Each structure stands twice: as structure tokens, then as C-alpha cells.
Amino acid sequence: MRHIEFVVFPGFQLMGATAITVFEVANLILGEDAYHVRLVSEHGGKVPSSSVFCVETEPFGDATFDTVIFGAGMQPEPASAGLLDFARRAARTSRRLATTCVGTFVLAQAGVLDGCRATTHWAFAHELQDQYRRLKVEEDSIYIVDGTVWTSAGMTAGIDMALAMVEEDHGIDVARSVARNLVVYHRRAGGQSQFSVLLELEPKSDRIQKALDYAKKNLRRTLSVEELADVAHLSPRQFTRAFRAETRQSPAKAVEHLRVESARLMMEQGRHSMDEVANETGFADRERMRRAFLRTMGQPPQTVRRNSRSRT
């Protein structure tokens, strides 16, 4: 059994603690108590969150743990001397030391991140780098592993980080099963600014949804406005007007985004050449795919693939 301490303090944000659920679901899938999670704080007892809830905690002790994860508040705040001392001790004694969101500032204050690569919520990345020159902030990463130290971006990025820990401990199949149970991505490629194209579009009518479903299943086709309009049983003019009204995008731009996301997912699998990815997703050639990735993700496909491999 791997023992995990999740560290909270007054004003911590509950969303960051959702990473605990990853380990809970992993136990269910594995059919054993592979993880035991304990909530701890400097003094123990009830600790108020940033909302109306309090959680019951145990005080810091002398025991060592496999993994210590620091929660985060809504914004960076000076950490207490006791919290900083505990962070330094955990860095020496635990196999993994981690933090979510602006909890990265706690580890930085403790000097644990000196010489390390780290990330935090994009809104505070520049502040982190300005205050702590001895670390290298990578502001667009979902999470970063540097040696034994793990840092994640926003609150929900703690889930991505926890899934990566489960994968490290029990393999990719278990991590994928946990992700499916939680209805989240197993691995999010790209940076903090990236999100699901399908969630972004959210059409309101069945006709536009039908056209999008058709496009997703037929990315190798040309997918002209005329072709999509025919699927929706609308004239090209009516279809274009309705599509823009419901998705705030042109049909061409939406198709490009769907192709980029499909290509990105193929790259995560790591079994396809760039030419195969371009052909399968309708880009026809690598150069067209490269330009689309730069427009959509701000990175070329090679960088996206490399970043995806670095998180495995």
C-alpha cells in the first residue's frame, strides 16, 4: 500500500482536493487498497476551506509517506513557518512531492524548487518566475515532473497529475480505466489553454450536431460547406449562418479544429508517422497539418508529440 498525505491549510480550495478521487477510483479498479490517503494540516483538527466547508485533518507527524501533495488556495499567500518546514522535510523523505495550482508557491518559498522546472496556474506564472529566479517556470504545461517533484497548473490539472502517478505506479491500462470512470482525458496534450474542441462547439440544434458528428467520422473527406449542409438538410447559405450562430465559428474553422484534435490524439498513441497522421485526419500533407497546428495550438505537431511523450 502506498501512503499519500494531502496537505491543507486555512483557505485551501476544495477543487484542488479532487485529485484524491483518482486514487480512490484506482483502488476500486485494482480491487485492493493500493493507496491510503490522509488529510493533514499543521495543527490538525478542522481546517476551513475557501468556501463554507471544513475538513477534519491530522497534524503533521514524523512518519514518512510515499507521496505528499500540497493543496492550494485561490491565490498565492505567504506560508507559515511550520508549513515550510514540513515541505522541506517531505522533500527529503518522500518518494514524490507534489503540488496543485498556486500551491507551487509554497514549495518555491521553501526552496524545494531551486534549480527545478515547475508550473502553476497561468495567471500567476509570471509572478512565480519574478519572485523565484532559481526555478524555471513553464507556464503552458499541464503538469511537470522534475526528479521527485511534481507540479501542476490549475486545480483540475491535479487530476491529470494524479492520473500520471497512477500510471507510474500501476501502468497505463489502470490509469486509462480510472480516467474513463471519471469521464476525463487520460492525457491532455497541449498547454493550459487547450480544451476539447467538442466542448467548445456545443451546437444547440440537432441539424448542426448531425453535421459535426458526420465530420468527426469522415475527416479524410473534403468536408466542404455544401457536403455538410446536405447532411444537415439545409442550403449552404442557411447552414453557414446557422453554424456560426450556434458555434461562433465558421464550418471550415470547426473542421480544422476537429482535425487538429484528432491528429493530436493519434500522436499521443505514438504509433503513427506524421505522414500517416496527416492523411488519416484529412490534412493530406504534413505542411498543411503543421500550419493548422500553429494556428490552433500555437505549436508545431513535433512539439506536441514531444510534450506528450515527456508526460508518459
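Position labels on residues start from 1 in each chain and follow its written sequence. Predicted model: local features are reported for residues with pLDDT of at least 70 only, side-chain atom pairs are reported and counted for 80 or more only, and whole-chain, interface and lining totals are derived from all residues. Hydrogen atoms and water are omitted, and side-chain values are computed over all heavy atoms in the structure.

**Things to note about the overall build of the protein chain**
Next, step 1: Helix and strand labels come from DSSP, where a helix needs a run of H or I of at least four residues and a strand needs a run of E of at least two; each type is numbered from the N terminus. Within the protein chain, the regular secondary structure consists of 14 helices and 10 strands.
Next, step 2: In terms of overall dimensions, the protein chain has C-alpha extents of about 70 × 40 × 35 Å along its principal axes.
Next, step 3: Here the term buried applies to any residue with accessible area under 20% of the maximum for its type, exposed to any over 50%, and partly exposed to those in between, with areas from a 1.4 Å probe on protein chains only. Out of the 312 residues belonging to the protein chain, those deemed buried represent 51%.
Next, step 4: Considering only residue pairs separated by 6 or more positions, the protein chain has 61% of its internal contacts joining residues 24 or more positions apart.
Next, step 5: As displayed, the protein chain offers around 15200 Å² of accessible surface, 50% of which is attributable to carbon and sulfur atoms.
Next, step 6: Treating the 40 positive side-chain charges of the protein chain as one cloud and the 39 negative ones as another, the clouds have centres 7 Å apart. What makes two residues a contact is simply this: any of their non-hydrogen atoms within 4.5 Å. Per-residue and other accessible areas were derived by the Shrake-Rupley procedure at a 1.4 Å probe size, with only the shown protein chains allowed to occlude residues. Neither His nor the chain ends contribute to the count of charged residues, in which Lys and Arg are positive and Asp and Glu negative. By convention, charge coordinates are those of NZ in Lys, CZ in Arg, CG in Asp, or CD in Glu.

**Here's the deal with the packing of aromatic side chains**
Next, step 1: Only rings of Phe, Tyr and Trp enter the pairing, Trp through its six-membered ring, and a pair is recorded when the two centres are within 6.5 Å. The plane angle decides the type: under 30 degrees is stacked, over 60 is edge-to-face, the rest tilted. Going through the model one piece at a time under the given rule, you end up with six aromatic pairs.
Next, step 2: Pairing F23 with Y35 gives two aromatic rings, centres 5.0 Å apart and planes at 55 degrees, and the pair type is tilted. In this pair, F23 is assigned in helix 1 (residues 19–30) and Y35 in strand 2 (residues 35–41), connecting sequence segments 12 residues apart.
Next, step 3: The exposure class assigned to F23 is buried, which follows from its relative accessible area of 1%.
Next, step 4: A residue is classified by how much of its surface remains accessible, and Y35, at 4% relative accessible area, is buried.

**Some thoughts on the environment of I142**
Next, step 1: Considering the arrangement of structural elements, one finds I142 in the loop between strand 8 (136–137) and strand 9 (143–146).
Next, step 2: Spatially, the C-alpha atoms of I142 and T156 are 9.4 Å apart, while their sequence positions differ by 14 residues.

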